[in-house]
Amino acid sequence: MKRLRITNDHGWTPRTLRKQERKIKNALLRQRVMAVRLVMEGYLGKEAASMVNVCRQTVSHSVSLFNEGGLELLLHQDFALGRETFLTEEQQEKIKPTS
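Now for a quick tour of the structure. (Residues numbered from 1 in each chain as written. Predicted model: local features only at pLDDT ≥ 70, side-chain atom pairs only at ≥ 80, totals over all residues. Heavy atoms only, no water.)

1. Considering the overall build of the protein
Then step 1. The helix and strand inventory of the protein stands at five helices and zero strands.
Then step 2. Reading the protein from its N terminus to its C terminus gives the helix and strand order α-α-α-α-α.
Then step 3. Relative to the 2.2 N^0.38 estimate, which gives 13 Å for 99 residues, the radius of gyration of the protein is 18 Å and therefore markedly larger than a compact globule would have.
Then step 4. The dimensions of the protein, computed from C-alpha atoms along their principal axes, are 55 × 30 × 25 Å.
Then step 5. Of note, the protein has its 17 positive side-chain charges centred 11 Å away from the centre of its 11 negative side-chain charges. (Helix = DSSP H or I, 4+ residues; strand = E, 2+ residues; numbered from the N terminus. Rg over C-alpha atoms; globule rule 2.2 N^0.38 Å. Lys, Arg positive; Asp, Glu negative; His and termini not counted. Charge placed at Lys NZ, Arg CZ, Asp CG, Glu CD.)

2. Some points on helix H4 (residues 56–74)
Then step 1. Under the 1.5 Å per step criterion, the end-to-end length of H4 is only 16 Å for 19 residues, more than 12% shorter than the ideal 27 Å.
Then step 2. At Glu-68, H4 shows its largest bend, some 110 degrees. (Expected span 1.5 Å × (residues − 1). Bend = angle between axes of the 7 residues up to and from the residue.)

3. A short note on the pattern of salt bridges
Oppositely charged side chains can pair when the atoms bearing their charge come close.
Then step 1. Summed over the entire model, instances satisfying the criterion amount to four salt bridges.
Then step 2. In this structure, Arg-18 engages Glu-41 in a salt bridge whose closest nitrogen and oxygen atoms are separated by 3.9 Å. Note that Arg-18 is positioned in helix H1 (residues 14–23) and Glu-41 in the loop between helix H2 (27–40) and helix H3 (45–52), a separation of 23 residues in sequence.
Then step 3. Using a relative accessible area of 37% as the deciding quantity, one classes Glu-41 as partly exposed.
Then step 4. Among the salt bridges present, the one from Glu-93 reaches Lys-96, with a minimum N-O distance of 3.3 Å.
Then step 5. A network of salt bridges, in which partner residues are shared, links Arg-18, Glu-21, Arg-37 and Glu-41. (Salt bridge = Lys/Arg side-chain N within 4 Å of Asp/Glu carboxyl O. Buried < 20%, exposed > 50% of the residue type's maximum accessible area, 1.4 Å probe, protein only.)

4. A word on the nonpolar core
Then step 1. Counting residues in hydrophobic clusters, the biggest one holds 19 residues, and the most contacted among them are Leu-17, Val-33, Val-36, Val-39, Val-59, Val-63 and Leu-74.
Then step 2. Elements with a contribution of two residues or more to this core: H2, H3 and H4.
Then step 3. Among the elements that make up this core, the one with the highest residue count is H2 (seven residues).
Then step 4. Once you skip the residues sitting within four places of it in the chain, Leu-74 turns out to touch Leu-29, Arg-32, Val-33, Val-36, Ser-62, Leu-65 and Phe-66. (Core = buried A, V, L, I, M, F, W, Y, C linked by side-chain atoms within 4.5 Å. Contact = heavy atoms within 4.5 Å.)

Structure representation (structure tokens):
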């Protein structure tokens, strides 16, 4: 298994990434940044995964996102927000309770 490497740091250092981590409210996004920072500091992927409490593949994915597009791509939320509703807006308004 190959060691994870940051091939393009996009001007970020472990110190500046740590500062950025503190500003992020979303736990998932904070984990991504933390995983990249740990790899940048020299930890193996499986060590970083254990510290952040995610699987090694998640760390690998975060590192590849960071290498490709920096922090902007790493913090991009590319997951669905949930199932589409069955009711139309009008139907939802009709059943909405009034206070």
